[in-house]
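Listed below are the residues making up each chain.
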Amino acid sequence: MTHPPAWDRMERLRVLEVIGAVLEHAASNGAVAACLDLPDLALLGNPDMISSLPDDILINILSLMTVREAAVTDVLSTRWRHLWESVDHFILDMHTFGMQVPPNSDNHGNLDFWNSEATKFVGKVNELLSHHKGNKLKEFKVEFPLSSAHASELDRWVAFAVASHAETLTLSLCDEHGRVATDHTEAYVFPLKQFSDVGGCQLHVLSLCKCILETVPANLNGFSYLYSLSLCHVRMVDEVLLSIMSSCNALHNLYLRACHKLIDLRASRAQLVNLEVHWCQRLRSISIHAEKMESFSYTSRRADIEFECAPVLCELTACFRGMWHHTLALLDKFPNKLKMLTLPCSSRLQASRVLKHNGRFAVLKEITWFMATCDHRRC
Amino acid sequence: MAAAADSSGDGGTSSGEKTIVLVSSDNSARFEVREAAALLSQTVRRMIDEAGADASGDGITLPDVDAKTLAKVLEYCNKHAPASSSSSAAEAAPPAEGEEDLERFDREFVRVDMGTLYSLVTAASYLKIEGLLNLTCQTIADMIKGKTPEQIRKTLGITSEFTPEEEDEVRRENAWAF
């Protein structure tokens, strides 16, 4: 128990009153023993000062917990009523609504279960959104296996995020174990048109998992402040990605994973600093034209990588799944001196072959070896 | 009663570093602190900018912060102030203490009664000291989250004016949360 801070006389009197009342109540109810929660006693006897803090501070406090924990405060008193509706983030997943997923369940074998869970989830999200005041949101995130079957709902949630000027938007349509809605249903087509001709869009970070991107509208100005773009298991062709990227003037980080329809990637962005490309199975070539790029990370079987213009690129992570000649070829092509290198470690022989390529290592500060268990199935 | 209290261990003026005098609302206490510590407050920073080069040794009066609270706030600022006192580096330079040490300090710092906590939150908000505002808000958040309404009311001393029917109605509205 923590030693209680110094109390003034009024506080001590009040506490004694309360203890007296508790013991009286317990005795009158035939209690044999009464247990007083002492740490809370240190806080008892104080008038309700926290409630007299101004709205913006209380909302700040409520934004430091999950939206569910915040909603509980609605019932505390009239002062607290509706405050939670202005919290600055929405993270909506199974945990938000206390939904449990049986660990061994699997979407394929249990279609009815997943459909009913999805309907439940969608209903709860809609209910929650109907309460929110819709003012400035810092983060809007949905993580739940959903598909085109719920397209109209998902469209409305995206519209809500856009209208609330969300800075971070994450649509991860698989659960934390990487399970997705059944393979047979079409994936959700992300509504790019909601980011076209839109004023005041402050989107900085966009993460999509298990969606489709197609038909890029003209004037995608909603992406003009986009700083980080992360696309995982997203079905899109080269032209779509190129078109989207051309609207992202502020793009700093690009992360692509398991985008299996990409064939030739052209990373040509003036502000691009970090590029990661993992497990895009059909990717044949990558050409990099980025004056500010500092780090490049790549995992796959093979690809032809051209460093057209990358004068400050100095960090490389490369995992060629055991094809060491690709690694060595890439090191040969690397345009500058490396500062940081991360490679999978299979054997001392391979490590020493790499280190013999010391032409690029004149300023090498850090070399990291990791166990090559590249899991390409997880989101 | 005037009291000059510089609680930074290394002595504000001994290294020739610039110091600033802050005065509590009732004029009862004056505190001389390192510039780097004072500038953790965006409000103080703005006041200095507005006062200009002729800001005298009279000190800066903070109309909304009483002496007891100001002393406590400055305890925080002195601990968290960056090592370098150059004002442009003040935001970018790391604090002089190690991270673990600071965490321990922060934990102890907020073990106070509700009245003090209330004063600290209000002062941190008025003075615009981001770290202190985050710390105090998080402390209060930790008293709320994961608890039932009854537990929260007990902890914060809230009296509910809802009738049982009204309370039921509110709970129904937020059924998904309970």
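Residues numbered from 1 in each chain as written. Chains lettered and ligands numbered in written order. Predicted model: local features only at pLDDT ≥ 70, side-chain atom pairs only at ≥ 80, totals over all residues. Heavy atoms only, no water.

Per the secondary structure count, chain A includes nine helices and 15 strands. With 379 residues in all, chain A has 48% of them scored as buried. Put simply, 54% of the contacts in chain A that link residues at least 6 apart link residues at least 24 apart. When the accessible surface of chain A is summed, it comes to about 18100 Å², and 53% of that surface belongs to carbon and sulfur atoms. (Helix = DSSP H or I, 4+ residues; strand = E, 2+ residues; numbered from the N terminus. Buried < 20%, exposed > 50% of the residue type's maximum accessible area, 1.4 Å probe, protein only. Contact = heavy atoms within 4.5 Å. Areas by Shrake-Rupley, 256 points an atom, 1.4 Å probe, with all protein chains shown as cover.)

Our focus in this paragraph is the overall build of chain B. Secondary structure summary: chain B contains eight helices and three strands in total. Element order for chain B, N to C, with α for helix and β for strand: β-β-α-α-β-α-α-α-α-α-α. Approximately 9000 Å² of chain B is accessible, and the part contributed by carbon and sulfur atoms is 50%.

All names here are of chain A. Looking at the secondary structure, you find valine 198 in the loop between strand 4 (188–189) and strand 5 (205–212). With relative accessibility at 17%, the residue valine 198 sits in the buried group. For the pair valine 198 and phenylalanine 223, spaced 25 residues apart in the sequence, the C-alpha separation amounts to 9.6 Å. With residues near it in sequence (within four places) discarded, valine 198 still touches Val162, Asn221 and Gly222.

Let's shift gears to the sheet that holds strand 1 (residues 19–23) of chain B. All names here are of chain B. Taken in spatial order, the three strands line up as 2-1-3 in an open sheet, and their pairing is mixed. Looking at strand neighbours, the two that pair on one side only are strand 2 (30–34) and strand 3 (60–61), the edges of this open sheet. Inspection of the sheet shows strand 1 paired to strand 2 by five bridges, in the antiparallel sense. Looking at strand 2, one finds that isoleucine 20 is bridged to valine 33. In the packing of helix 3 (residues 67–80) onto the sheet, the strands contacted are strand 1 and strand 2, and the crossing angle to strand 2 comes to about 10°. (Pairing = 2+ DSSP bridges. Axes fitted to C-alpha atoms, helices over the stretch in contact; angles between N-to-C directions.)

Along the chain, the position of B:Cys137 falls in helix 6 (residues 130–144). Take B:Cys137: its relative accessible area is 1%, and that puts it in the buried class. Taking the C-alpha atoms as reference, B:Cys137 lies 9.8 Å from B:Tyr118; in sequence the two are 19 residues apart. The residues touching B:Cys137, leaving out its near neighbours within four places in the chain, are A:Ile57, A:Asn60, A:Ile61 and A:Leu64.

Moving on: the packing of helix 3 of chain B against helix 4 (residues 99–109) of chain B. Residue and element names in this part refer to chain B. Relative orientation of the contacting elements helix 3 and helix 4 amounts to 170°, with a least axis distance of 11 Å. Comparing their axes, helix 4 and helix 3 come out roughly antiparallel. The segment helix 3 lies against helix 4, with Lys72, Glu75, Tyr76, Lys79 and His80 engaging Asp101, Leu102, Phe105, Asp106 and Phe109. Across the contact of helix 3 with helix 4, the residue classes break down as four nonpolar, one polar and five charged. (Parallel < 35°, antiparallel > 145°, perpendicular 65-115°, else oblique. Nonpolar A, V, L, I, M, F, W, Y, C, P; charged D, E, K, R; others polar.)

Moving on, we come to the nonpolar core. With 148 residues, the main nonpolar core has A:Phe140 and A:Phe190 as its most contacted residues. Those residues in contact with A:Phe190, other than ones at most four positions away along the chain, are A:Val158, A:Leu169, A:Leu171, A:Phe195, A:Leu206, A:Leu208, A:Cys211, A:Ile212 and A:Leu213. (Core = buried A, V, L, I, M, F, W, Y, C linked by side-chain atoms within 4.5 Å.)

Between chain B and chain A, the residue contacts involve 38 residues of the former and 39 residues of the latter. Approximately 3600 Å² of surface area, both sides summed, lies buried where chain B meets chain A, with 69% of it carried by carbon and sulfur atoms. Our enumeration of links across chain B and chain A arrives at one salt bridge. Of the charged contacts in the structure, one is a salt bridge between A:Arg81 and B:Glu173, with a shortest N-O distance of 3.1 Å. At the junction of chain B and chain A, the tally comes to six residue pairs in polar contact (both at pLDDT 80 or more). Those elements that provide at least two residues to the side of chain B that touches chain A are helix 5 (114–127), helix 6, helix 7 (149–156) and helix 8 (164–173) of chain B. When its residues are assigned to classes, the side of chain B that touches chain A shows 18 nonpolar, 10 polar and 10 charged. (Buried area = accessible area lost by both parts, 1.4 Å probe. Salt bridge = Lys/Arg side-chain N within 4 Å of Asp/Glu carboxyl O. Polar contact = N/O pair within 3.5 Å; in protein donor to acceptor, adjacent residues only side chain to side chain.)

Residues and elements named next belong to chain A. Chain-level statistics for chain A give a pLDDT mean of 82 and a share of 78% at 70 or above. The low-confidence segment residues 1–6 (pLDDT under 50) makes eight contacts with residues lying over four places distant or belonging to another chain. Residue range residues 374–379 is modelled with pLDDT below 50. Its contacts to residues more than four positions away, or to other chains, number 18 contacts. (pLDDT = per-residue confidence, 0-100.)

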